[in-house]
Each structure stands twice: as structure tokens, then as C-alpha cells.
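A structural walkthrough
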Amino acid sequence: MSHLLTILILLPVAGGLVTVGYGMLPNRREENFKWIALVFSLATFALSLLLLRGTGSGPEFRFEESVQWIGAIGSRYHVGVDGVSLWLVLLTTLLMPIAILSSWTSVTKQQLAYYLFLLLLASAMIGVFVSLDLLLFYLFFEASLVPMFFLIGIWGGERRIYAAVKFFIYTAVGSLLMLVAIIGLYFIYANKFGAGTFDYVVLREAIANGTLAIPASPTEFLLFLAFAIAFFIKVPLWPLHTWLPDAHTEAPTAGSVILAGVLLKMGTYGLLRFNIGLFPTASRAWAPYIVILAIIGIIYGALVAMVQPDVKRLVAYSSVSHMGFVVLGLFSFTDYGMQGAVYQMLNHGVSTGALFLFVGMIYERRHTRMIGEFGGLSTPMPWFSTLFVIASLSSIGLPFLNGFVGEFLIMLGTWTSALSHAWLATMFAGTGVIWAAVYMLWMLQRVLFGKVTNPKNEALQDLNVRELGLLVPLLLLMLFMGVYPRPFLDRTRGPVEALLQQVQGSNAGGSIASIEK
Amino acid sequence: MDLFFAQHSLLPDINFSLIMPELIVCVVAVIVMLLDAFGRSTQRWITGGTALFGLLMAAASTIFLWKSWPGPNEAFNGMIVLDELGLGFTLVVLLVAALTLLISIVWVERESLPAGEFHSLLLFATAGMMLMASGNDLVIIFLGLEILSIATYVMAGFRRTDVRANESSLKYFILGSFSSAFLLYGIALTYGATAIAGMPGTTNITQIANRLSEAQYPPLLFAGAAMMLVGFGFKVATAPFHVWTPDVYEGAPTPVTAFMAAGPKAAGFASFLRVFVFGFPFLIAAGERNTAAQLHGAWVDTLVVLAILSMTIGNVAAIVQNNVKRMLAYSSIAHAGYALVGFVAAGAASDPVQRNAAIASVTFYLLTYAVMNIGAFTVVQLIARAGDRRTEFEDYNGIGFQSPVLAFALTLFMLSLFGMPLTAGFVGKIMVFRAAIDQGYYALVVIGVLNTAISAYYYLRLIILMFFRERTTAWTAPPIPASIALALVLTVLGVFYLGIFPGRVINALQTKPVISVSQR
């Protein structure tokens, strides 16, 4: 059990190797690849549930493993989970089998490579959330690009090449600057203590108790910025979001689910873990500006989503808006706001993941995603419509569904935060919820309700058992997270409060005073 | 341990054990020539096999010298030196030669070229490179460079009936001779400038370093260093001395291109490093009115400029190429730039530990570059077929799932050249960037990573062509001969090994040979 995290990282890779091995057999059958992938992803999910038992409410890391990796560079293989990363790992392992099931009939070409890339992606994503060594984190962060690049590029829509390259280069540029900052941190530590380290726990400890003072401006600001840009691109924060609508729209359904469900969370997770954890002073100093960008993103994403003629693009822009909420919560530096942000990460993964599944299902039936092509789908597809409405309401933030809890906590946190004009920020962010209702409900009305105007829609099949099977867990989760968030928040509280203390305890320089109440 | 001629022989300070690897390679080269002359003409496996065996023997004796050589670490009056720089690069060039041999054995046969000649030329070139790595005297380095260059000129034009190969060979010859002249002139000026009262000048690198502060004619010394810098800059293909590279790489037969991009570049860096880092070392802080300090500051600053130019010009020009070999040529210029980043760190380091770590980072970088680059050229060679006819980008359209093994191998090499984590290229870049940040060259490293981002564009382009586009013309998968398959497996495994478990290799490169006390 002590190697649970390593097993979780390596199991999907093993699945990939098995898939390749099976593909070399002379009497292989194309349809068996997905079974192999499904079995391995379910096994990963089942194993990841074991993490729940070992993770309490404290801020410390559990299931830690730490061995020397590249001694000459000073990098260690150090992994562990706390109450925040635990949920993100579970979200990843839950969405993987669902993504694989969603491709069951829609992916027909090059299935071997398709499932191989999905499994490799799963490993990289789990690795990102459990790495406690900066170089190891960077490695997984960057490695997750390649499978997604192929998934978009080979199995994507018409403009897939453009979208894939844009996705890759945007993310790579951001993360390369982070690499410089990571090496920079190493030597800042080395100058003080003789030997450098990439170990997150060691670095954070040293920064938190003041033994390692990162030289103030501009060094700390530049390091902060190098990390932040990498994560802002990934989140994505306005105005660095332009890769997202293209990538989401062109990716195959499973790719969109994973992108929205997990890859975007790498950005907000990184902000929480590294930016706030390692640069508390700079985080506080720059919080007002980041909050402004987040609010612009919330409103901009919602407004642009409203006018999209393509359902998938609409959902993609709604992600920009929702992820803005997460960033807002993180940089409110209140207990409510930050926990709400973590909760909202999970919510967004579940509900937007589900929305992309619905979009994928109608695309598979009609080979179009244009809102204008649909109308009155509730008549031929009652089950589909009911569940679609529930998922949409969850995304809007209706009480008793998960989205409400997260957004409410974030807004509560923002209102009570130490930012100047906090109430104004909350008001503006609050309009985002209203806009969300507008664009989602309007879209639902045009797609699902009214009379069937297009004869092609009359005989559409309702959900089959497989589709129901992959949607029901997500919908149940939406309900559960909406009425009983305690088990989630209990575990996130410890790490978030520890971070919060660190931020509030960080030595406030002259530049901070202006944002204090 | 007096293998052949002991130290007690009549001539003082002759120690053949120290140049054992070079000797083995030379002797095997002669044997290969004789086999070719007197053996049957169909037996090219024999010459190839013999050459490979010789390279392995040389590698074994190098490792022996590194690990358990008990004797002195210099010989021939300090002309040959045994240190981690020389031994590390010796192993790199031996690896390059062995891989080149593997990918060229079948090629020579298919194009009906004289195999024995090719193999012995390759071995002579290797011997030259090894001398460049272990020579501690400007004359030895020049000698090694010329042995290497003359063999390479011939190899570049080895396909005599091919106009492109002839053009490539001639260009390389003319420009190469020109740069050799620069180097030689630089050596001569340095010799003159290091003459001090009562003693003639010196070409010994250790001696040069000792005499820097008392140099009689500083301008002469500066001119000599500058000319040597130009000569080496040409050999390792850094901008602005790079213009020959694309044409020569494109025209030369693909296995020879693979060799030229990896081997001579590594050897060039070996002696470039030795001459500048050890010959014109950091002595006292710059700003003093001291020749040594001024010279040191000047060459380090020049290399910073060269590094930025090479990375930027190489990467930007590579974007617009439509020929894979030309693209890889510009990429090789860019990689010379990345290696220069580590070089700058080695030059700027005042602390010997940091300096050696930086030198090891350059050695490691060129090792990773050799592995992934030869791997890439192996695939290019297979896809190009006989006569190197298919080297345009469009020839790669949609072959991804038609020849998945080749396409995925090439993808891996491209990602490694880009510097994707888990591949060799990533660790190589980390090493040189780390060394540079250690010396405070933040801006240089930021320019380096931005260049890496630019390079994503053209490395990805090949992947996009292979996997994301549909093939419109017919495609028959090229057969993969056993020797090439072996080279491919070795390079793929090498890329992963150096990318995931590089610790042992890096540690070895930073380890000094056992005995470092001179017995004289």
C-alpha cells in the first residue's frame, strides 16, 4: 500500500503497454482495445478509492514516497496527496472510464493508438496532481501535452490541426518559462543552504517559516509571474484563453471531457499549490489584479457563450466563465473562497464533463452541433433531455446541485475578503451566475423544447444503456455534492487553512498595505 | 601496467597506453583498408564488422583508462591529457562512429559504393575526433581536426555520381579549409603572443594559461583567440559561421549527414572547450587592467552573443524549410547554440567544481544530441530510400499509421529534440540551462527557452504531417535491415534511458579519472 500513488501513475501506462502488446498479436480484434483500456481505467479508479481511507483532514501529505531520481540534478521522485489533490486524482480516475465509454462507438479509426494515448494521458494527469517535486511536476505537466495533442490532431474535427498546434504551443510557451523559475528557485535555495532542492515540501517549509527569503522585487515577482503565466494559460484566465474554444471544439468528445474536466484543473491546482504556496507575499500583492482578470473572464466568457451558434463552443466558453470563478475564489484569500474554489474545480469537472458528453451524444446522432439544426429534442429523446437539463442546471448553479455550493462559497468568500471594494467584485462576479442562466437556459430552450422543426430530428434514438450508464454516475454525483458537501470540504479544509495562514502570516511589505482593509 | 613501451624507454615521456583508444582506431582503420584491398570485394560485412569491433575495443580501453588507469594523466610532454572532458567526448565520438557504422553498412551496399574505403575513412575521422578530445596542445588539436576534416570531405562526396553530394563536398572542403586556415593563423598568433622573456612561445594549453598575465603582446593574443574562435565556430556550426551547414547537410548522403551533425560537432566542442576554458581561463575578476581578465571577459561575452544568434537563427530559419535534412541542419545550428549556453557557463565559472559541472553538462548535451539526432537521421534515411530521393516534407504525408514503427520513432526523436520531458533532450537542456542559471545568466536562459518554444513549431510539423494528414500518393513501407533496426532500437532506448535514468551517466561524466597526480 505504501506505493499506492506509484501504482496509480503506472497502471494506466501498463494498460497502454498491454494494448500495444495485444495490437502486435496476429489475430487481434479492433474492438478489444477499448475493453483493455476500460478494464485498466476501472482498475485505476477502484485503486484510487483506497486513497480516501488514508487521507484525513490535516494539511499534511499522505501516501508519500520519496526516492532520489536524478541525483546530479537534485531532483527527487517525491509524490503524495493531501485533501486537495486527493479529490483531483479521484476526479481524474473517475472521468477516465467515462471518457473511454463515451468513445465506445464514436471512435472507429486507429483504436489502438487512441486508447493508448488516453491511458498515457491518465498517467500524466495523475502524476501532475501527486508530484511534490517541482521538476517532477513540470515533467508530468508537460508530458500531458503530447497525448492530448495527438487526440485532438488525429481524432478531432475539421480544424483539428490548427487547434492542436495552438493548444500545444500556448501551453508549452507558458510552461517553459515556469521551468526557468523552477531552476531559479533551486539556486535561490542553494545559495542559502549550500545544496539546492526541487522538493516542494522543503521549499514551502523554508519559505513559510522564514528561513528562506526569496529576494523581493523584482525576483519574487518574476518567479511568481513565470509560474502564474503557465497556469493562467492552462486555466485559462482571460486574456490567455484563446486556445481553449478551439481545442475544446475540435477535440473528440472524450478529449473535451478530459480537457475541461481535468486539464484545466491543472492550472488552478498549480496556482493554489505553487503560486500561493511558494510566493505568499507576491500572491497577496498581485491578488487585486488577478481578481480583476478573473472577473473580466467570468463576464466575458458568459457573454461570448451566449452568442455561440455551436453547442460545444458554448460549453467551451462557459468553461472560461466558470474557471474565472475558481481563480476568483483562490485569490480572495478567505477560507470560504478558497475551499469554494477547490469545490468548484470538482463541480466544473463533473458538470462540464457531463455537458460535453451530451454534446458528443447529439453529435454522434446528427453529425452537427449547430443549435439551429435542433429543436424539440425532448419529444424523441425524453431521457436525454431530462438529464441534459439537470446537468445544465448544475452548471448554472441551482441550489441542491453541486454548482451552487461552489459558487456560493466563492462569492461569500469574495464578499468577506480583505480586498478593497470586495462587494463590488462580488457583485460583478454574481452577474456571471445570471448570465450563465441566460445562455444555458436559452440554449436548452432552442435545442430541447418547442416543436420538432427539423424532420431529421424526429426519429432520433434516446439514450442507450451504455450512455445512461456513463451519465448516471456523474448525475448522482451532482446531486450528492449539491446536498452533502461535507465529506469533500472536510478534507480540503486542512490544506486550505494551512495555506491561508501562510498567506496571512507572510511578511507584508509596503506594497501590501494598500490592499489591506 | 606497462602495456607496450614502459616509461623507462629511451624517449622521455612517451606513454602509448594513454593513447591506446586512438591507436586501436588507427590500427583497425589500416587493417580495414588492407582487408578491402586484399579481401574479396563482396565481403563488406567483414570490413564493417572489423570496424565495429575496433570501435568497441577503443571504447573498452577508454573506459579502462577512465576507471582504473593507475599511471600518469598526461603524456608526450603534456600534449595528450587524460581528463573527464577528453574521455567523455572520446566516448561520445566512439558512440557516434558506431551508430554511423550501423546505419551505413547496408547503405554502402545498396548504393554499390566501396565499403572498405568508407569504413576506414570513418575510422580515421574518428581517430581525428579522439585526438581533438584528448589533445592538450594546439598543434595536436589542429592535427586531429585536419585528420577529421579530410576524411569528412571525402565522405560527404562519397556518392561520386550524385551532383548534390559533389556540391556538398566541395562546399564543405572550400569553407572548411578556409576555417582551418583561420584556426591555424590563430594558433600561430597565440604562439607568438605567449613568448615571454627568455623563452619562445608555446602551444601547450596549460602553458598558455600560465603565461596569460605576462603576455608581451596583448593585441596579438586577442587576435589569435578571435581567429581560433572563428575556426571552431565554423566546425561546430554556430551562427554566424553556419551558412555552409544547410547545403552540406542536405547534399551529403544521409548517414554521412548524421555523422557530421553529431560527431564533428561534439569533437569541435571538445577542443573548443579545452582551448578556451582551460587555455584562457578565469583567473581574476574582470575589470582589472589585466590581459587575462580582459581576454576572458571578451570571449565569454562573445560566446553569449554567438549562443543567442545560433539559437535564434537556427530555430527561425528551420521553420521555413521544406526539406527534412535542411530542417535538421538548421536545428543542429540551434542545438549548437544550446550547447554554447552550457559552454558560457563553463567559461564564466570561477569555481572549479562549478566549471567541471558545466563542462559535464555540455558533454552530456552533445551525447543526448548525438543519440537523438542519429536516430532521427536513421528514420530519414529509411524513408529517403536509395539515392536520398525522398527528403521533402511532403514525402512524410500521412505515413503515421502506414509505417507506425518508423513514424513513432521519428516522433520520439522530434519530441526529444524539442526537449519534451522523459526524453534525453529534456535532461540535456535542463543540464545546460541549470549550469547557466548557476552563473547568473538568467536572460540567456530565458532566450533559450523561448527558442525552445519556437522550435516546437517545426518539430511538431513533421509529426503533424505524419499523423494528422492523409496520404494522397501510394506508400510502400521501406524494409528495415537488421543493422539499421539495431541502430534504431539503440537510439530509442538511449533517448528513454538518458531521459528517465540519466543519473549514472551524468555522475560518470563528472567523475575525474582515478589518478590525477602527475608522476613526473
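The written sequence of each chain sets the order in which its residues are numbered from 1. Key to labels: chains lettered from A, ligands numbered from 1, both in the order written. Predicted model: local features are reported for residues with pLDDT of at least 70 only, side-chain atom pairs are reported and counted for 80 or more only, and whole-chain, interface and lining totals are derived from all residues. Side-chain numbers come from the whole structure's heavy atoms, not from hydrogens or water.

1. Considerations on the interface of chain B and chain A
By convention, interface size is frequently given as the accessible area that disappears when the constituent parts associate. In this description, contact between two residues means that some pair of their heavy atoms is separated by no more than 4.5 Å. Between chain B and chain A, the residue contacts involve 39 residues of the former and 34 residues of the latter. Any carboxyl oxygen of Asp or Glu within 4 Å of a side-chain nitrogen of Lys or Arg constitutes a salt bridge here. Along the contact surface separating chain B from chain A lie zero salt bridges. Any pair of N or O atoms that falls within 3.5 Å is considered a polar contact. Within protein, one atom must be able to donate a hydrogen and the other to accept it, and sequence-neighbouring residues count only if both atoms are side-chain atoms. Between the two partners, chain B and chain A, sit three residue pairs in polar contact (both at pLDDT 80 or more). Secondary structure counts use DSSP, requiring at least four H or I residues in a row for a helix and at least two E residues in a row for a strand, with both numbered from the N terminus. Of all elements in the fold, only helix H14 (404-418), helix H15 (424-438), helix H16 (442-468), helix H17 (482-500) and helix H18 (503-510) of chain B reach the threshold of two or more residues within the side of chain B that touches chain A. Counting residues per element, the side of chain B that touches chain A draws most heavily on H16(B), at 14 residues. Residues are grouped as follows: nonpolar covers Ala, Val, Leu, Ile, Met, Phe, Trp, Tyr, Cys and Pro; charged covers Asp, Glu, Lys and Arg; every other residue, Gly included, is treated as polar. The residue makeup of the side of chain B that touches chain A, split by class, is 29 nonpolar, six polar and four charged.

2. A word on the packing of aromatic side chains
Within 6.5 Å between ring centres, the rings of Phe, Tyr and Trp (the latter by its six-membered ring) count as paired, and their orientation is classed by plane angle as stacked under 30 degrees, edge-to-face over 60, tilted in between. On inspection of all chains with the given rule, the structure shows 63 aromatic pairs over all chains. Considering the side-chain rings of A:Phe61 and A:Tyr200, the 6.4 Å spacing of their centres and the 85 degrees angle between planes classify their relative orientation as edge-to-face. Here the residue A:Phe61 occupies a position in the loop between helix H2 (32-54) and strand S1 (62-70), and A:Tyr200 occupies one in helix H8 (residues 200-208), the gap between them amounting to 139 residues. As far as the burial class goes, A:Phe61 and A:Tyr200 line up, both buried. With a centroid separation of 6.1 Å and an interplanar angle of 85 degrees, the aromatic rings of B:Trp244 and B:Tyr249 are classed as edge-to-face. Judged on exposure class, the residue B:Trp244 and its partner B:Tyr249 are both buried. Taken together, A:Tyr114, A:Tyr115, A:Phe117, A:Phe149, A:Phe150, A:Trp155, A:Phe168, B:Phe401, B:Phe408, B:Phe418, B:Phe467 and B:Phe468 form an aromatic cluster joined through their ring pairs. Burial classes follow relative accessibility: with a 1.4 Å probe on protein chains only, a residue under 20% of its type's maximum area counts as buried, one over 50% as exposed, and anything between as partly exposed.

3. Some words on the packing of helix H10 (residues 243-250) of chain A against helix H11 (residues 253-278) of chain A
Each pair of packed helices gets described by two things: the angle between the helix axes and the distance between those axes. All names here are of chain A. Structural elements are reduced to axes, namely lines fitted to C-alpha atoms, with helices fitted over the stretch in contact, and the angle between N-to-C directions of any two is expressed from 0 to 180 degrees. As a packed pair, H10 and H11 sit with axes 8 Å apart at the nearest point and diverge in direction by 140 degrees. When the interaxial angle is binned, H10 and H11 end up oblique. Together, Trp243, Leu244, Ala247 and His248 of H10 and Ser256, Leu259, Ala260 and Leu264 of H11 make up the contact between the two elements. Among the residues forming the contact of H10 with H11, the class breakdown is six nonpolar, two polar and no charged. Roughly parallel refers to an angle under 35 degrees, roughly antiparallel to one over 145, roughly perpendicular to one between 65 and 115, and oblique to any angle outside these ranges.

4. Side note on the environment of A:Thr492
Residue and element names in this part refer to chain A. With respect to the element layout, Thr492 can be found in helix H19 (residues 486-505). Those residues within four positions of Thr492 in sequence are excluded, and the remaining contacts are Gly83, Trp87, Gln339 and Val342. A polar contact is formed between the side chain of Thr492 and the side chain of Gln339, at a distance of 2.8 Å.

5. Quick notes on the side chain of B:Arg434
Considering the arrangement of structural elements, one finds B:Arg434 in helix H15. This buried residue, B:Arg434, is left without a salt bridge; B:Asp438 holds the nearest opposite charge, at 6.2 Å. Within the structure, the side chain of B:Arg434 is placed 3.2 Å from the side chain of A:Tyr186, a separation counted as a polar contact. Those residues in contact with B:Arg434, other than ones at most four positions away along the chain, are A:Ala72, A:Ile73, A:Ile183, A:Tyr186 and A:Phe187. Charge convention: Lys and Arg are scored as positive, Asp and Glu as negative, and His as well as the terminal groups of each chain are ignored.

6. Structural notes on the nonpolar core
The biggest cluster of nonpolar side chains holds 395 residues, and the ones touching the most others in it are A:Phe331, B:Phe276 and B:Phe280. Per-element tally for this core: the top contributor is helix H7 (residues 160-193) of chain A, with 20 residues. What A:Phe331 contacts, discounting residues up to four positions off in sequence, is A:Phe224, A:Leu271, A:Ile276, A:Ser283, A:Ala287, A:Ile290, A:Val291 and A:Leu419. Residues belong to one nonpolar core when they are buried, are Ala, Val, Leu, Ile, Met, Phe, Trp, Tyr or Cys, and are joined through side-chain atoms within 4.5 Å.

7. Brief notes about the environment of B:Phe272
Residues and elements named next belong to chain B. Along the chain, Phe272 turns up in helix H10 (residues 254-279). Assessed through its relative accessible area of 0%, Phe272 is described here as buried. Aside from chain neighbours lying at most four places away, what touches Phe272 is Leu229, Phe232, Gly233, Val236, Val277, Leu303, Leu340 and Phe343.

8. Some details on the pattern of salt bridges
As enumerated under the stated definition, the model contains 17 salt bridges over all chains in all. Look at the salt bridges and you will find they share partners, linking B:Glu167, B:Lys171, B:Asp247, B:Glu250 and B:Arg326 into a network.

9. Some details on the pairing of S1(A)
Residue and element names in this part refer to chain A. In the sheet, S1 pairs with strand S2 (residues 75-81) via six bridges, with the strands oriented antiparallel. Pairing of Glu65 across the sheet is with Val79, part of S2. Between the antiparallel neighbours S1 and S2 lie four residues, among them Gly74 with a positive phi of about 95 degrees. Any two strands with at least two DSSP bridges between them are considered paired.

10. Observations concerning helix H1 (residues 4-24) of chain A
All names here are of chain A. Working rule for helices: expected span equals 1.5 Å times residues minus one. Between its terminal C-alpha atoms H1 stretches 30 Å, which fits the 30 Å expected from 21 residues at 1.5 Å a residue. One axis is fitted to the seven residues ending at the residue and one to the seven starting there. The bend at that residue is the angle between these axes. In H1, a bend of some 30 degrees at Leu10 exceeds every other bend along the element, and Pro12, a proline, comes one to four places later. Burial in H1 covers these residues: Leu4, Leu5, Thr6, Leu8, Ile9, Leu11, Pro12, Gly15, Gly16, Thr19, Tyr22 and Gly23. Buried residues belonging to H1 abut H2, S1, S2, helix H3 (83-102), helix H4 (111-130) and helix H5 (134-143).

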